[in-house]
Amino acid sequence: MKLEELADKCSEWLRGSGPESDIVISSRIRLARNLAEFAFVRRANAEEKNSIAKLVRSKIEIAMDGHELVYLDVDRLSDLDRQFLVERQLISRELAENEGSRGVAIDLTEQFSVMVNEEDHLRIQVIRSGLDLNRAWECIDRIDDKIEKELNYAFHDDFGYLTACPTNVGTGLRVSVMLHLPALVITREIDKVFRSLQKLNVAVRGLYGEGSQFMGDFYQVSNQITLGPTEHELVANVSEVVPRIIDYERRAREFLVNEGEKDLHDDVSRAFGILCTAKKISSEETMHYLSKVRMGVNLGLISDVEMVTLNKLFVHTQPAHLQKLRGHELSVTDRNIERANYLQEHLLPKHNQGPTNDPNSN
Amino acid sequence: MKCQHCEKPATFHITELTKPEGPKVVHLCEEHVREYLSQGNSPAGTGALANMLAKQLKLEQTKEHLAALDKKTCPVCNITFAAFRQAGRLGCPYDYVCFESDLEPLLVNIHGAQIHKGKRPTRVAGSPDQHHQLIQLRREMRDAVAREEYERASELRDKIRELENEPTAEKKSPPEA
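Presented here is an overview of the structure given in this document. These figures come from a predicted structure and were not determined experimentally.

1. Digging into the pattern of salt bridges
Here the idea is simple: oppositely charged side chains can pair when their charged atoms come close.
(1) Moving on: If you walk through the whole model with that rule in mind, you get 33 salt bridges over all chains.
(2) Moving on: We note a salt bridge from A:Arg123 to A:Asp120, for which the minimum N-O separation is 3.0 Å. The burial state of A:Arg123 is the same as that of A:Asp120; both residues are buried.
(3) Moving on: Residues A:Glu338 and A:Arg326 are paired through a salt bridge, measuring 2.4 Å at the closest nitrogen-oxygen approach. Of the two residues, A:Glu338 is situated in helix H12 (residues 332–347) and A:Arg326 in helix H11 (residues 319–326); the sequence distance between them amounts to 12 residues.
(4) Moving on: Classification of A:Glu338 as partly exposed rests on a relative accessible area of 21%.
(5) Moving on: Each member of the salt-bridge network shares a partner with another, and the members are A:Arg33, A:Asp141, A:Asp144, A:Asp145 and B:Lys119.

2. So, the pairing of strand S1 (residues 24–33) of chain A
All names here are of chain A.
(1) Moving on: Taken across its 10 residues, S1 has nine buried, putting it largely inside the fold.
(2) Moving on: Pairing analysis gives seven bridges linking S1 to strand S8 (residues 173–180), with the strands arranged antiparallel. Residue pairing across strands places Val-24 opposite Leu-179, the latter belonging to S8.
(3) Moving on: Taken together, the eight bridges between S1 and strand S5 (residues 122–129) define a ladder with antiparallel strand orientation. Bridged to Ser-26 within S5 is Ser-129.

3. Things to note about the nonpolar core
Most often, soluble globular proteins keep nonpolar side chains buried together rather than apart.
(1) Moving on: A:Ile29, A:Ile60, A:Ile147, A:Leu179, A:Leu181, A:Ile245 and A:Leu347 are the most contacted members of the largest nonpolar core, which totals 91 residues.
(2) Moving on: No other element matches helix H8 (residues 231–277) of chain A, which puts 15 residues into this core.
(3) Moving on: Of the domains in this structure, domain 1 (3–176) and domain 2 (259–347) of chain A are the two that each give at least three residues to this core.
(4) Moving on: Contacts of A:Leu347, omitting those with residues within four sequence positions, involve A:Phe272, A:Leu275, A:Cys276, A:Val305, A:Leu310 and A:Leu313.
(5) Moving on: Of all hydrophobic cores here, the second largest spans 26 residues; its members include A:Ala36, A:Ala39, B:Ile79 and B:Leu103.

4. Points about the environment of A:Asn201
All names here are of chain A.
(1) Moving on: On the secondary structure map, Asn-201 appears in the loop between helix H7 (190–197) and strand S9 (202–208).
(2) Moving on: Judged by relative accessible area, Asn-201 falls into the partly exposed class, the value being 35%.
(3) Moving on: Considering only alpha carbons, one finds Asn-201 and Glu-12, 189 residues apart in sequence, at a separation of 29 Å.

5. Comments concerning unusual backbone geometry
Residues and elements named next belong to chain A.
(1) Moving on: One non-glycine residue, Gln-89, lies in the positive phi region at around 65°.
(2) Moving on: As for its position among the elements, Gln-89 is in the loop between helix H3 (79–87) and helix H4 (93–97).
(3) Moving on: Residue classification places Gln-89 among the buried residues on the basis of a relative accessible area of 16%.
(4) Moving on: Positive phi values are uncommon outside glycine, yet Arg-188 reaches one of about 60°.
(5) Moving on: Inspection of the secondary structure assignment puts Arg-188 in the loop between helix H6 (182–186) and H7.
(6) Moving on: Since its relative accessible area comes to 69%, Arg-188 is described here as exposed.

Each value, and the rule that gives it
- Residues numbered from 1 in each chain as written.
- Chains lettered and ligands numbered in written order.
- Predicted model: local features only at pLDDT ≥ 70, side-chain atom pairs only at ≥ 80, totals over all residues.
- Heavy atoms only, no water.
- Salt bridge = Lys/Arg side-chain N within 4 Å of Asp/Glu carboxyl O.
- Buried < 20%, exposed > 50% of the residue type's maximum accessible area, 1.4 Å probe, protein only.
- Helix = DSSP H or I, 4+ residues; strand = E, 2+ residues; numbered from the N terminus.
- Pairing = 2+ DSSP bridges.
- Core = buried A, V, L, I, M, F, W, Y, C linked by side-chain atoms within 4.5 Å.
- Domains from an automatic or database assignment.
- Contact = heavy atoms within 4.5 Å.

Next comes the structure, spelled out in structure tokens:
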């Protein structure tokens, strides 16, 4: 399969159709698993990593028979392709940057992927649009059961599933929910909200862009511990915390509308104006303004733009995607020009965009 | 992910929530996290994680105990406890057995628990001993090759193949319902 075929497609988790999808972008769960009869990845030499990758690949193909899967040897991909997979959240930065034999099995509907030889031998992940953790858990639990039938997982009676890093041992489970919280950022309430969550065993991280700045007001909430509680309890804990954040964000948005609708309307409209008219634009700037426009659309201050279009633009305007979509490598300057073009192709109402992009819906 | 101050992998990820400019995440290796925490960069109230780390680092300061512990070596993958502490990553599943008593306080510090209550694999194929033996043999073979002891290496290779193909190492799964 050519990655170009994926590039133009919209990932499942960007549909923007799951529960609470005005604020919750995606729900993700991953499981860390290791093979009982091999050293952990960092301690394995090139030959062992090779054997692990070969074994895991063949067993995943048996276990997931019936799914449309594609396996990519990440060590044989170009830097651009690796970056593309990172932007799409199909692989981690760590897998992209590791050395030696490693890979990823991707479900072609992009609902799950299995990384091989990341920090652990297997990292299974499931992503769903919106706040949908229970379904994500059911899905990953089933996949894990199927793979377990084919491989010997390293497991300890007391410590549970064994992982290279003791912070993942036990369930090997990481639940994370990606949230769009622009109003809490504008009202400067975000620290207060996160401070109030500290006692609840959740970790909050900002989402980084190309640089190291927080971008686009996206935050990820995830469980901090993996040993002790059951998988259901860990999922339930995050599921309980997220609606509280959603509620704070909704109240902050309401406050902004009530206290200064003109200011807010002006702010989001200017952001939209820049995205629709700029001749060159960096990815940081793009994220910044897309974030404002996204909130504007959610609050009904901007019409004629669909949520799924905006969600897609967040990913498709990133450097590797832009180059994949344009079919060749681009310098930073050329990327900034192409990014502006790409934004305008998708944001400006066009009458010839076809039925899926009807500007009059919504 | 690398430490923000050096090339070592970052094993501590601290989210500072009390900075006026908004939450800030720092990624540090063990050496730099000590420095970071002792500099008072972590204001009171940063919460459980920082406290846990501080406690853990204090725990580790009993020098003699630490020196002895650091020399402890896993017979299967040959990793020393010092190497684990430095990288923050264990070498093989057997480390959880041979460093058990040393890891327990760490696990309690991280997770507040030391017993897994969740999901378990439905079937276990082969014995843990067999698995550990395989890891050990592969390492010994690698070492033999490095020492150019090719005869020994090929003996080890045969042993590994034999173990890999032993019927007990195969999954005995009931036919799919």
